[in-house]
Amino acid sequence: MFTSEGPTVRELAVQALSSVEHGYDLLAPKFDHTPFRTPERFLTATTRALRPYGPFDAALDVCCGTGAGIGVLRDLGAPRRIGADLSAGMLAQAEAAHPDAGFVRADALALPFEAEFDLAVSFGAFGHFLPAERPPLFASVYRTLRPGGLFAFPIGAPLPVTSALYWITLGFDTAMRVRNAVWRPPFVMYYRTFPLGGVRTDLRAAGFDVSLTPLPEFGTRPDGTPRWRLVLARKP
Ligand SMILES: C[S@@+](CC[C@H](N)C(=O)[O-])C[C@H]1O[C@@H](n2cnc3c(N)ncnc32)[C@H](O)[C@@H]1O
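Residues numbered from 1 in each chain as written. Predicted model: local features only at pLDDT ≥ 70, side-chain atom pairs only at ≥ 80, totals over all residues.

Trainee: Explain the site of the ligand to me, please; I cannot follow it from the model alone.
Mentor: Within the structure, the ligand sits among 21 residues, and Thr38, Cys63, Gly65, Phe123 and Gly124 are positioned closest to it. Every element with two or more residues in the shell around the ligand is listed here: α2 (20-27) and α4 (68-75). Among the residues making up the shell around the ligand, the classes are represented as 12 nonpolar, 6 polar and 3 charged. (Near = placed C-beta within 6 Å. Helix = DSSP H or I, 4+ residues; strand = E, 2+ residues; numbered from the N terminus. Nonpolar A, V, L, I, M, F, W, Y, C, P; charged D, E, K, R; others polar.)

Written out as structure tokens, the structure reads:
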């Protein structure tokens, strides 16, 4: 999970007691050595699944962090690649790693673009948004897209109650709720607040046409349904 190059327990604790923005500023130099950075296999699976929907001209990585998704946009051949994130520290790392892309410090709830992109992606960041924030988040991404533009992101199937991960994520979310009830500033990060049903409803309400495509790289559940799928939300 964590390597010797990653953050110490103390550094992680200080981050967890900060705001989301400041926490990521602190974590930024070591972020790529944590399990919070989206693993390569999600990025390559997404690139493969998106290729038939290209070519893409201008593409946006929402909550880009250190730039994991910018590589996807590059591999898809998008000549104009922009990353947006709240944390200046994360953006500094992303700029160093991807000098040929552009970066903007912006809240994903109020992205400063109007009909500029034909693709928007996002990885590993939706846990930072409460369910009530999904409508403004999706409206914000919708505004950035040209007509016909695509908003794409991976989503996992619900975890079975018999799996260890189910209980680990439940425990994490419970601990975060307690932390946020007693400590300011809040650090919004939950694993179980972005279920496909609610996400699809809110995407449609924002105006998107929504479809799903399996990511077969991650296999299927015992009932034959995919463990991971790519949400494809198209602006009509
Ligand atoms: C877990 S990191 C994921 C980074 C990257 N997308 C990846 O997959 O490795 C979450 C990122 O979301 C950013 N973030 C959280 N809330 C945000 C918001 N409201 N607007 C923009 N960025 C936000 C954080 O600053 C952080 O860089």
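Trainee: Which parts of the structure should I look at to understand helix α5 (residues 88-97)?
Mentor: Think of an α-helix as 3.6 residues a turn; residues three or four steps apart then line up on the same face. Among all positions in α5, only Gly89, Met90, Leu91, Gln93 and Ala94 are buried. Along its buried surface, α5 packs onto α2, α4, β2 (80-85) and β3 (102-105). (Buried ≥ 20, exposed ≤ 12 C-beta atoms within 10 Å, placed from the backbone. Contact = placed C-beta atoms within 7 Å.)

Trainee: So what exactly am I meant to see when it comes to helix α3 (residues 40-50) here?
Mentor: Among all positions of α3, only Phe42, Leu43, Ala45, Thr46 and Leu50 are buried. Within α3, the buried residues cover an arc of 165° as seen down the axis, which keeps them to one side. Exposed residues on α3 whose side chains face more than 90 degrees from its buried face are Glu40 and Arg41. For α3, the elements touching its buried residues are α4, β4 (117-122), β5 (145-156) and β7 (228-234). (Arc of directions from axis to C-beta.)

Trainee: Honestly, the packing of helix α6 (residues 134-144) against helix α8 (residues 196-205) in this entry has me stumped. Any pointers?
Mentor: A pair of packed helices is captured by two measures, namely the crossing angle of their axes and the spacing between those axes. At a minimum axis separation of 9 Å, α6 and α8 run at an interaxial angle of 50°. By the angle between their axes, α6 is oblique relative to α8. The hand of the α6/α8 crossing is right-handed. Contact residues: Arg134, Pro135 and Phe138 in α6; Val199, Asp202, Leu203 and Ala205 in α8. Grouping the constituent residues of the contact of α6 with α8 by class yields 5 nonpolar, no polar and 2 charged. (Axes fitted to C-alpha atoms, helices over the stretch in contact; angles between N-to-C directions. Parallel < 35°, antiparallel > 145°, perpendicular 65-115°, else oblique. Left-handed = near helix turned anticlockwise from the far one by under 90°.)

Trainee: Got a minute to help me understand the nonpolar core in this structure?
Mentor: Note that soluble globular proteins tend to have their nonpolar side chains buried in a common cluster. Ala59, Leu119, Ala120, Val121, Val141, Phe151 and Ala152 are the most contacted members of the largest nonpolar core, which totals 52 residues. With 5 residues, β5 is the largest single contributor of residues to this core. When residues no more than four places from it in sequence are discounted, the contact partners of Ala59 are Leu73, Ala78, Arg80, Arg81, Phe117 and Leu119. (Core = buried A, V, L, I, M, F, W, Y, C linked by C-beta atoms within 7 Å.)

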